[in-house]
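What the coordinates show
This is what each chain is made of:
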Amino acid sequence: MKVALASDHGGVNLRKEIAQLLNELGIEFEDFGCDCETSVDYPDYALPVAEKVASGEFDRGILICGTGIGMSIAANKVKGIRCALVHDTFSAKATRAHNDSNIITMGERVIGPGLARDIAEIWLTGGFEGGRHANRIGKIGEYEDKHL
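Here the residue numbering is sequential within each chain, running from 1 through the sequence in written order. Per-residue local features are limited, in this predicted model, to residues with pLDDT of at least 70; the limit for side-chain atom pairs, both in listing and counting, is 80 or more; totals at the level of whole chains, interfaces and linings are taken over all residues. Hydrogens and waters are ignored; side-chain quantities use all the structure's heavy atoms.

1. Examining the side chain of Glu144
Following the sequence through the fold, Glu144 ends up in helix α6 (residues 132-147). We call a residue buried when its accessible area falls under 20% of the maximum for its residue type, exposed when it is over 50%, and partly exposed in between, using a 1.4 Å probe and counting protein chains only. None of His or the chain ends enter the tally, which takes Lys and Arg as positive and Asp and Glu as negative. We count a salt bridge whenever a side-chain nitrogen from Lys or Arg sits within 4 Å of a carboxyl oxygen from Asp or Glu. Buried within the structure, Glu144 lacks any salt-bridge partner; its nearest side chain of opposite charge belongs to Arg82, at an N-O separation of 6.0 Å. It only takes one pair of heavy atoms within 4.5 Å for two residues to be counted as in contact. When residues no more than four places from it in sequence are discounted, the contact partners of Glu144 are Val78, Lys79, Gly80 and Ile81. Only DSSP runs of H or I with at least four residues qualify as helices, and only runs of E with at least two residues qualify as strands; both kinds are numbered from the N terminus onward.

Listed below in C-alpha cells is the structure:
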C-alpha cells in the first residue's frame, strides 16, 4: 500500500503524528506538506493528493486541516474519490467496509493525536466488504461517468 499524506496549516502537527504512525506500520507514503503554520489554501493540498489517488499512483490518501471539512469537500470534487471525514473509530471502520473510501480527512482542531492514530490505523488495515456495498459504489461511479 502507498499513501499520499497532506495537510494545510491547521493540520501540520496531526500530519506529523500520522506520518510517524505510517513509519511504524511500515506503510510506504509520501508527505505533500504543508510545512508551515501560516495560512495556506486547503485545495492546494487536497486536490493534488486526490488526483494522485484517483490516478492510481497512490492507493489511499490522508488529509488533515483544522476541521477536516474543507479538505473533504475539495477531495470529493475529483472523479473516483470517495473521501470520508472521520472523527471516530466506528466511522473509520465503516467507511472502509461499506464505502470503500480511498481518502479520509481529519480535523486537528477536533480530535487529538491518539484518536487520530487509532482512526488512521483502523482505516488503513480495514477492508471493503463488497456485496451490496459494491452495488452502491457502482452507482456512484456510473453517476460520475455521466456527469463529471
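Moving on from the model shown.
2. Details of the pattern of salt bridges
Per the stated rule, a full pass over the model turns up 8 salt bridges. Among the salt bridges present, the one from Arg117 reaches Glu17, with a minimum N-O distance of 3.7 Å. One end of the pair, Arg117, is in helix α5 (residues 113-125); the other, Glu17, is in helix α1 (residues 12-25), and 100 residues separate them in sequence. Arg117 gets classed as buried once you look at its relative accessible area, which sits at 18%. Given a relative accessible area of 26%, Glu17 falls into the partly exposed group. With a closest N to O distance of 3.7 Å, Lys52 and Glu57 form a salt bridge.

3. With respect to the side chain of Arg15
With respect to the element layout, Arg15 can be found in helix α1. Ignoring any residue separated from it by four or fewer positions in sequence, one finds Arg15 in contact with Leu5, Ala6, Ser7, Asp31, Gly33, Cys34, Asp35 and Ile64.

4. As for the sheet that holds strand β4 (residues 83-85)
Strands sit in the order β2-β1-β3-β5-β4 across an open sheet of 5 strands; the sheet is parallel. The sheet is open, and its two edges are formed by β2 (28-31) and β4, each paired on a single side. Neighbour-to-neighbour, the strand axes of this sheet turn through a mean angle of 20°, independent of strand direction. Here, a strand pair is defined by DSSP locating no fewer than two bridges between the strands. Where strand β1 (residues 2-7) meets strand β3 (residues 60-65), 5 bridges bridge the pair, whose relative direction is parallel. The residue of β3 that forms the bridge with Ser7 is Ile64. Note on definitions: angles span 0 to 180 degrees between N-to-C directions of axes, and those axes are lines fitted to C-alpha atoms, for helices only across the stretch in contact. Running over the sheet, α1 touches β1, β2, β3 and β5 (103-107) and is turned about 165° from β1.

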